[in-house]
Amino acid sequence: MSEDRSDLFLTTRWTLVGEAARTGDAGAKQALGSLFVTYWKPLYRYARRQGKSPEDAEDLVQGFFEHLLEGDGLRKVDRDRGRFRAFMLGSLKNYVASEWRREHRQKRGGFAVHLSLDWHDAETGLGLDAEEHRSPDRWFDKEWATALLDKVLDDLDRDEPGFERWKRFLGRGQGDLSYADVASVHGMSEGAARVAVHRLRKRYRQRVRDEIAGTLADPSMIDDEMRSLFEALTDDFT
Amino acid sequence: MNDQAICLECGKPLPAGGTHEICPACLMAQAMASGTRDTRTGGAGQVPPSPDEIAARFPQFEVVECLGRGGMGVVYKARQKSLDRWVAIKVLAPERIHDERFAEHFEKEAKTLARMSHPNIVTVFDHGESDGLFYIVMEYVDGVNLRDLLREGKMAPEQALAIVPPVCEALEYAHGKGVVHRDIKPENLLLDRDGRVKIADFGIASLVGATGEKSGTPPYMAPEQEQGTVDRRADIYALGVVLYEMLTGERPAKDVVAPSRKVEVDVKIDEMVLRALEKEPERRYQTAAEFRTMAQTMAGSGKLPATSSGIREARFNAGSVRLHFTILAVTWWISMPLGAILPLVSGEEEILLLLLWLPAMAVAGVFWCVLLYRQWLLLQGHGARVTPGKAVGYGFIPFYCFYWWFHAYAGLATDTNRCLERAGAAAPRMSFGLSVTYCVLGVLLCTIGLHPVAGALIDVPYMIVGFILILQQRDCVLALLKLRSGEAADLR
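Bear in mind that the values here come from a model prediction, so they are computed numbers and not experimental data.

Moving on: the packing of helix α7 (residues 232-248) of chain B against helix α9 (residues 267-276) of chain B. Residues and elements named next belong to chain B. Running from N to C, α7 and α9 cross one another at 145°; their axes reach a closest spacing of 7 Å. For the pair α7 and α9, the contacting residues are I236, Y237, L239, G240, L243, Y244 and L247 in the first and I269, V273 and A276 in the second. Across the contact of α7 with α9, the residue classes tally to 9 nonpolar, 1 polar and no charged.

What follows is the structure in structure tokens.
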């Protein structure tokens, strides 16, 4: 029930982006902005894997965002709005191919909308070896999934008391971590620890679904998208 | 991607930075794990009334959400405005209420439930009827039910054992008031935020099953519940199923496989669980208190309790067992030949023989009985299917009753072997065939023994078989003793 409601709400966030193309509504642009804040990193790293320097990648992402907001970029949203992920990568590619060069020349260093992002952060762990250059699209999906999970964990960290304490239980299957150990450290019973972990897992799952729903036009695609993201994450490029 | 940390779970490299140092692939797998999302409604059948519909009927409550739906009805979370407290409102499924006398029965049962007050039982605050909807207002437990926890997989034995005592305490309390739950299952065992256990839906099953229909949840129903005869031992059976499920992650099959065969638990836990799961109520724990004591002792020391269900602990050690058996063997070898030649002599010789034979016979008989009884005691601790009837049988052996003789020896051999088998002990087993042969020879001796020649002919194999049986029995009692003192590992 609550799930349906939140799906509805979050879907609207992505649908809003489509609205932005037609109406130029400021709230809608904000919606795009909030999505962008979560998912800029995969875009940046995609650009880096394409051989761009950090400065150029930064400008590219910055310019791309502005292009989406102001230019014609969002017009395609309606036609191609199934998945925000696919839309973003497709749009970025188009942008790179057609417009970036020109806009870059004009606007280098003078973007109208400034994205306040920690560009340097996106460099962490960027390998850029031959292997990573070979399949930037697949890396994009992988990093998209990582960015999504990052967002969910950040939100949980903000909203859930005791998240730090229990978060390591999120990644693992049962049996590997001892509830008793953690419980004793925090002076609670094992049963209470189990309950706490269960609740966190439940909320976590719901949040992942909500977050994914926010990037889709149709909530019924959630499971499908989740599977794609999981496949991307487990893809070892062999 | 060299020199990177690897996820211990799935073996994938961990990305540097991001996802709070948790493997993203595992995180996504966790998110995909089904059945544990926040979807507590659903299930087949008609759609339960929405919270708004319910709210219209209960102006004194602020109905917030539907918590879930079970066979008995739908539960809503609500705030009681006057007292500003959270409550759970259970609205009984209308399709269940088909009896005209239901209202009367509901009233009676609900009053009984409302009188129950125990920290491990969800308190009933109020009950009533509103436009044909029967409802119960209960304490709201902020937590999860055991089913939710079990979806995450089986539990550690210590944790599973920790859940049993509070449930037993609640059952003891309710049984004392003559209330049987009749529907103990993981869904009805709630754990609040502090890890406390509370039993929900007490007596709802009997309340709804007003018309004598079978009520309960099949996998957790005791066999006798099928016939509609239910007493407190049905709750013990159901809790046994829950315990089995907590330990193994599975419900017991028709022929119960000992938990230690499925997961790594102490063999002593097997016996504790299997006793609760006995098909015949008489063989189970007779009270919840008994079950609780067993679980607590297991959880506490990992050893068997000193006493349980009034059965005395077998207080002897390996040394005294050997001594007992030596005395038995010696008196056996004295009394049997003497008995065989007794019909051949007369006069003073006969009196002299009788003076030797009778005491030897008495000592052998007494020792054999004592040993059989102790063997039975040892088996008790391991949950073997030894009934008091059989124990009496063992005591009857000196009376040469064929039925009891056979029952005792063949039964004891079967039970002992099953017990050792279950414990995985590589100890010697009792021979079923030898036990039967012994019984048959014994009966023959008693019937034709008075004939000098025939008696002597039977007596010789009887002596030999009996002696081998004594040796076998000694080894088995020693093995059982070892099991009891927690040295099962040595026997493997």
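From this point on, the discussion continues.
Quick look at α7(B) now. Residues and elements named next belong to chain B. In this model, α7 (17 residues) spans 25 Å end to end at C-alpha, consistent with the 24 Å of a helix rising 1.5 Å per residue. Counting buried positions along α7 gives 17 out of 17 residues, so the element sits mostly inside the fold. Remark: G249 follows α7 within two positions and exhibits a positive phi of approximately 80°.

What follows is about the pairing of strand β5 (residues 133-139) of chain B. All names here are of chain B. Extensive coverage of β5 is indicated by the burial of 5 of its 7 residues. One ladder, built from 5 bridges, connects strand β3 (residues 85-92) with β5; its direction is antiparallel. Note that in β5 the partner of V91 across the bridge is Y135. In the sheet, strand β4 (residues 124-130) pairs with β5 via 6 bridges, with the strands oriented antiparallel. Among the inter-strand pairings, E129 is bridged to a residue of β5, identified as F134. Connecting β4 to the antiparallel partner β5 that follows it, the hairpin turn spans 2 residues, and D131 within it adopts a positive phi of roughly 50°.

Another aspect to go through is helix α5 (residues 157-176) of chain B. Residues separated by three or four positions in an α-helix point in the same direction, a consequence of the helix having 3.6 residues per turn. A rise of 1.5 Å per residue sets the reference length of α5(B), with its 20 residues, at 28 Å; its end C-alpha atoms lie 29 Å apart and thus fit the reference within 8%. Residue B:G178 follows α5(B) closely and has a positive phi angle near 80°.

Residue and element names in this part refer to chain B. If you trace the 3 strands from one edge of the open sheet to the other, you get β6-β7-β8, paired in antiparallel fashion. Taken across any chain shown, the strands that pair with only one partner, and hence form the sheet edges, are β6 (143-145) and β8 (197-199). On average, each strand axis in the sheet is inclined to that of its neighbour by 30°, with strand direction left out of account. Here strand β7 (residues 189-192) runs beside β8; their pairing, made up of 3 bridges, is antiparallel.

What counts and how
Residues numbered from 1 in each chain as written. Chains lettered and ligands numbered in written order. Predicted model: local features only at pLDDT ≥ 70, side-chain atom pairs only at ≥ 80, totals over all residues. Axes fitted to C-alpha atoms, helices over the stretch in contact; angles between N-to-C directions. Helix = DSSP H or I, 4+ residues; strand = E, 2+ residues; numbered from the N terminus. Contact = placed C-beta atoms within 7 Å. Nonpolar A, V, L, I, M, F, W, Y, C, P; charged D, E, K, R; others polar. Expected span 1.5 Å × (residues − 1). Buried ≥ 20, exposed ≤ 12 C-beta atoms within 10 Å, placed from the backbone. Pairing = 2+ DSSP bridges.

Geometry only, nothing functional implied.
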